[in-house]
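Residues per chain are reported as follows:
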Amino acid sequence: MYQLSDRINNMSTSQTLAMAAKTRELKAEGKDIIGLSLGEPDFNTPDFIKEAAIQAINDNYNSYTPVDGYVELKDAIINKFKRDNGLTYDRSQIVVSTGAKQSLANVAMVMLNPGDEVILPCPYWVSYAEIVKLAEGVPVEVPTSVESDFKMTPQQLEAAITPKTKMLWYSSPSNPSGMVYSKDELRALADVLVKHPNIIVVSDEIYEHINFVGEHASMAQFEDMYDRVVTVNGVSKAFAMTGWRIGYIGAPAEIARACNKMQGQITSGANCIAQRAVITALEAPVSKIQYMIDRFKSRRKLIIDLLSDIPGFTITEPEGAFYVFPDVSYFFGKTLNDYEIKDATDFSMFLLERALVATVTGDAFGSPNCIRLSYAASETEIEEAMKRIKNALSEA
Ligand code: PMP
Ligand code: GLU
């Protein structure tokens, strides 16, 4: 028995990754599980990006890179921010990291002192709360529900702010709800924040391109907020590059410098080949990846149509990302076969064991009435999964 640190003992395991591991395990045992748990595009990385990586290997890109990223990559990120978001950053404001997950961890570690509060509108992405706690911050959850389209109102934000509030973190398009804040909705939140000038915002925009309702809006686009926003982005989702591990931030220079210092002691620069490939990815017009976005859009319709046909699931139509987040509280207190369904975790386990479909409990995201289904899966898998869920419930 080893004496591990309180830090790790107090941390929960990532439930998205745990469910993915369980799915792999069950599949290895020969069980025919359909995995709708992990938020990972099922496409291959586009060929033009793969070719850039092969070229980089042949060109002998093998040394340590600058800690905050190759200058050419920073310039590609600067151009991307300008082109897609109308945001102006210079090189001192950009830090490239090993995935947006590390970008978020850097920001938490450089901004938070013990006891600092971080407002997390629920549902939030699974790792936010644990990253904040790792940095000794205190997550402050603001509940939203299917009835409010999973959006935090300005009144809720105002009510959550205390003298200890240091940051607000959110993702739009949202993982896990698929909610997208419009520019007007962000402005209304900004109107609250301008009254509290010490609060820093983390705007996680990793699903920016997977947006079915219209234009993507960034909090940093508001002049009176620009100096207080860390814009987080990455290539995992839109470019189908989850395993390449590249994320980045645009931030006030002082915060970027601090992230650079943190990363310099922990990981150094991100992988050199992946960085070269991402230059090519970001320089390409968005039209090059549109085929994947179009497929997500048609799969969204498919899964919504099929789920709507199953009694007990209450759905808001997701506006972006590739998740549906139905409220399944209808089943709480019921017994399905031998399964007593007390909460979303029980329901998710019932689906895994009886329908052989892997989902993630809403508990992981701070919304205990819901479960998350990822539709970054093939049409055949989605159809089969919905059929299995329907059958398992009707036989229960
Ligand atoms: N933010 C959100 C909202 C996500 O869904 C993910 C998915 N993993 C990440 C950040 C981290 O992305 P990555 O580390 O793969 O860049
Ligand atoms: N972001 C994805 C998800 O939410 C990948 C898993 C993870 O990084 O936790 O499923």
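Look above for the structure.
Residues numbered from 1 in each chain as written. Chains lettered and ligands numbered in written order. Predicted model: local features only at pLDDT ≥ 70, side-chain atom pairs only at ≥ 80, totals over all residues. Heavy atoms only, no water.

Draft legend 1. Representation of the sheet that holds strand 13 (residues 360–361). Read from one edge to the other, the open sheet built from three strands follows the order 9-14-13, with strand pairing classed as antiparallel. The sheet is open, and its two borders are formed by strand 9 (323–324) and strand 13, each paired with just one other strand. In this sheet, strand 14 (residues 371–374) lies alongside strand 9 in antiparallel orientation, the contact comprising two bridges. Counterpart to valine 324 in the pairing with strand 14 is leucine 373. (Pairing = 2+ DSSP bridges. Helix = DSSP H or I, 4+ residues; strand = E, 2+ residues; numbered from the N terminus.)

Draft legend 2. Region of interest: the sheet that holds strand 7 (residues 229–234). Read across the open sheet, the seven strands follow the order 2-8-7-6-5-3-4; overall the sheet is mixed. Across the chains shown, the open sheet's two edge strands, defined by having one partner strand only, are strand 2 (94–97) and strand 4 (138–142). With direction set aside, neighbouring strand axes in the sheet form an average angle of 20 degrees. As defined by bridge partners, strand 3 (residues 117–121) adjoins strand 5 (residues 165–171) across three bridges and the pair is classed as parallel. Within the sheet, the bridge partner assigned to isoleucine 119 lies in strand 5 and is leucine 168. Relative to strand 5, helix 6 (residues 127–134) is tilted by about 155 degrees, and along the sheet it contacts strand 3, strand 4, strand 5 and strand 6 (200–204). (Axes fitted to C-alpha atoms, helices over the stretch in contact; angles between N-to-C directions. Contact = heavy atoms within 4.5 Å.)

Draft legend 3. A look at the site of ligand 2. By nearness alone, every residue bordering ligand 2 is listed as Ser14, Thr16, Leu17, Leu38, Gly39, Lys101, Trp125, Asn175, Lys237, Tyr323 and Arg372. Asparagine 175 is positioned with one of its side-chain polar atoms (N or O) 3.0 Å from an oxygen atom of ligand 2. Separating a nitrogen atom of ligand 2 from a side-chain N or O atom of lysine 237 is a distance of 3.1 Å. One can see that ligand 2 is located within the largest pocket. The class makeup of the residues in the shell around ligand 2 is four nonpolar, four polar and three charged. (Near = heavy atom within 4 Å. Polar contact = N/O pair within 3.5 Å; in protein donor to acceptor, adjacent residues only side chain to side chain. 1 Å grid on protein atoms, 1.4 Å probe; cavity = no way out; pocket = protein on both sides within 12 Å on 5 of 7 lines; lining within 4 Å. Sits in = over half its atoms within 2 Å of the grid points. Nonpolar A, V, L, I, M, F, W, Y, C, P; charged D, E, K, R; others polar.)

Draft legend 4. Representation of the layout of surface pockets. Within this model, the largest pocket holds a volume of roughly 440 Å³. Every residue lining the largest pocket is counted, 24 residues in all, and those nearest its centre are Gly39, Lys101, Trp125, Lys237 and Arg245. Listing elements by their share of the lining of the largest pocket, those giving two or more residues are helix 2 (15–28) and helix 5 (100–111). With three residues, the top contributor of residues to the lining of the largest pocket is helix 5. Across the lining of the largest pocket, the residue classes break down as nine nonpolar, nine polar and six charged. (Points joined across faces, edges and corners; volume = space filled by probe spheres on them.)

Draft legend 5. The arrangement of helix 11 (residues 290–308) in detail. Under the 1.5 Å per step criterion, the end-to-end length of helix 11 is 27 Å for 19 residues, consistent within 8% with the ideal 27 Å. Along helix 11, the positions that sit buried rather than exposed are Met292, Ile293, Phe296, Arg299, Arg300, Leu302, Ile303, Ile304 and Leu307. (Expected span 1.5 Å × (residues − 1). Buried < 20%, exposed > 50% of the residue type's maximum accessible area, 1.4 Å probe, protein only.)

Draft legend 6. Region of interest: the site of ligand 1. The local shell around ligand 1 consists of Gly99, Ala100, Lys101, Trp125, Ser171, Asn175, Asp204, Ile206, Tyr207, Ser236, Lys237 and Arg245. With respect to ligand 1, the side chain of asparagine 175 contributes an N or O atom lying 2.7 Å from an oxygen atom. Take lysine 237: an N or O atom from its side chain is 3.3 Å from a nitrogen atom of ligand 1. Burial of ligand 1 by the protein chains amounts to 93% of its free accessible area of 390 Å². Given that more than half its atoms are within 2 Å of the pocket grid, ligand 1 belongs to the largest pocket. (Areas by Shrake-Rupley, 256 points an atom, 1.4 Å probe, with all protein chains shown as cover.)

Draft legend 7. Highlighting the packing of helix 12 (residues 344–355) against helix 13 (residues 379–395). Remark: helix 12 packs on helix 13, axes separated minimally by 10 Å, with the N-to-C direction vectors making an angle of 100 degrees. Between helix 12 and helix 13, the crossing angle belongs to the class labelled roughly perpendicular. Taken together, the residues of helix 13 that come into contact with helix 12 (itself represented by Phe347, Phe350, Leu351, Arg354 and Ala355) are Arg388, Ile389, Ala392 and Leu393. Along the lines of polarity and charge, the residues of the contact of helix 12 with helix 13 split into seven nonpolar, no polar and two charged. (Parallel < 35°, antiparallel > 145°, perpendicular 65-115°, else oblique.)

Draft legend 8. Structural context of unusual backbone geometry. A cis amide bond links cysteine 122 with the next residue in sequence, proline 123, at an omega value of -5 degrees. With respect to the secondary-structure elements, proline 123 resides in the loop between strand 3 and helix 6. The amide bond that connects serine 172 to the next residue, proline 173, takes the cis arrangement and shows omega of -10 degrees. If you trace the backbone, proline 173 turns up in the loop between strand 5 and helix 8 (183–193). A positive phi is found at aspartate 149, a non-glycine position, where the angle reads about 55 degrees. Classification of aspartate 149 as partly exposed rests on a relative accessible area of 41%. At serine 268, a residue that is not glycine, the phi angle is positive and equals roughly 65 degrees. When you line up the elements, serine 268 lands in the loop between helix 9 (253–266) and helix 10 (272–283).

Draft legend 9. Structural view of empty space enclosed by the protein. This structure, assessed with the given rule, holds two cavities of 30 Å³ or more. Lining the largest cavity are 14 residues, and of these Pro121, Pro123, Tyr170, Ser171 and Met179 lie nearest its centre. Broken down by element, the residue count for the lining of the largest cavity peaks at three residues, all from strand 5. Partitioning the lining of the largest cavity into residue classes produces 11 nonpolar, three polar and no charged. Empty space within the second largest cavity amounts to approximately 50 Å³. Forming the walls of the second largest cavity are Lys80, Glu205, Ile206, Glu208, His209, Asn233, Gly234, Ala238, Phe239, Tyr248 and Leu282. The residue makeup of the lining of the second largest cavity, split by class, is five nonpolar, three polar and three charged.

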